[in-house]
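Here is what each chain is made of, one letter per residue.
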Amino acid sequence: MIDTLLFDLDGTLIDTAPDMVGTLNFLLAKHGQAPLPYDIVRVHVSQGSLALVKLGFGDALSENQIRTLQQEYLDTYLEHICDSSTVFSHVAELMPQLATLGLQWGIVTNKPGWLTDALLKAIKLPWQPQCIVSGDTLAVRKPHPEPLLHACKLIQRQPSQCVFLGDDIRDVQAGNAAGIPTLIALYGYIDANEPTDSWGGAGYLHKATDVLDWLKQQ
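Residues numbered from 1 in each chain as written. Predicted model: local features only at pLDDT ≥ 70, side-chain atom pairs only at ≥ 80, totals over all residues. Heavy atoms only, no water.

Draft legend 1. Representation of the pairing of strand β7 (residues 182-185) in the model. By the alternation rule, side chains of β7 split into T182 and I184 and L183 and A185, which are all buried. With 3 bridges connecting them, strand β6 (residues 162-166) and β7 associate as parallel partners. If you follow F164 over to β7, its bridge partner there is T182. Crossover connection from β6 via helix α8 (residues 169-178) to parallel β7: handedness right-handed. Summarising the sheet, β7 and strand β8 (residues 203-205) pair through 3 bridges and their orientation is parallel. (Buried < 20%, exposed > 50% of the residue type's maximum accessible area, 1.4 Å probe, protein only. Helix = DSSP H or I, 4+ residues; strand = E, 2+ residues; numbered from the N terminus. Pairing = 2+ DSSP bridges. Right-handed = clockwise from strand over helix to strand, strands pointing away.)

Following this line, the structure appears as structure tokens:
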């Protein structure tokens, strides 16, 4: 029986796009470039800071230039990590029900630990995860399955007892490789033209509370 929900962080548990998009546009303005439309940047947020910097500044820059801009992005983002970020409303609706049903939950994200910790501290979640695995907790990140398997070890659960919720193809790849069914969070940072039906997910979520209906069918 599945009794544990593992969540990706950005775009699945917390809506961090306002601050991540805002940071990129702040950086673009600082370097004399025009801002990008919110909707265009939003669908890239789950891909991380390097992808956002390349989106904003192009990938014709040298590796050193890109890495310098990425560090500048991260430093700026840390200062504004929770100016406008919020827990998705349907996630906030789901969490009390998990406790009532006796379900555990945890976080498995590619976000580096120093940003994960800063975000969770700033946003003051009223519910405490049973485990947190960040992008630098191990030597590998999603789509490698080990972060998910490590989360299972931390909470003493078998992969078959867990379900993973994520909004990126790497989440599905990691879940499938770990033997954990993965539900695709369509409310997250996914381009409308993305062929999610080819990702190999175990189901879809239009809102986080949909996971309860999925669990009933298992």
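Draft legend 2. Spatial organisation of the nonpolar core. Formed by 50 residues in total, the largest nonpolar core has its most connected members in L5, L13, Y73, W105 and V211. No other element matches the 6 residues that helix α1 (residues 17-30) contributes to this core. The contact partners of L13, leaving out residues within four places of it in the chain, are F7, D8, V87, F88, V91, M95, W105, I107 and L125. By size, the runner-up hydrophobic cluster in this structure holds 13 residues, among which are L6, L148, C152 and I180. (Core = buried A, V, L, I, M, F, W, Y, C linked by side-chain atoms within 4.5 Å. Contact = heavy atoms within 4.5 Å.)

Draft legend 3. The arrangement of the pattern of salt bridges in detail. On inspection of all chains with the given rule, the structure shows 9 salt bridges. Its salt-bridge partner being K142, residue D8 comes within 2.9 Å of it at the nearest N-O pair. Of this pair, D8 sits in the loop between β1 (4-7) and β2 (14-15) while K142 sits in the loop between β5 (132-133) and α7 (146-154), and the two are 134 residues apart along the sequence. For D8, a relative accessible area of 6% gives the class buried. Here K153 and E146 are joined by a salt bridge, their closest N and O atoms 3.6 Å apart. Overall, K153 belongs to the exposed group, its relative accessible area being 59%. Because the salt bridges share partners, they merge into one network encompassing D8, K142 and D171. (Salt bridge = Lys/Arg side-chain N within 4 Å of Asp/Glu carboxyl O.)

Interpretation in functional terms is not warranted from these geometric data alone.
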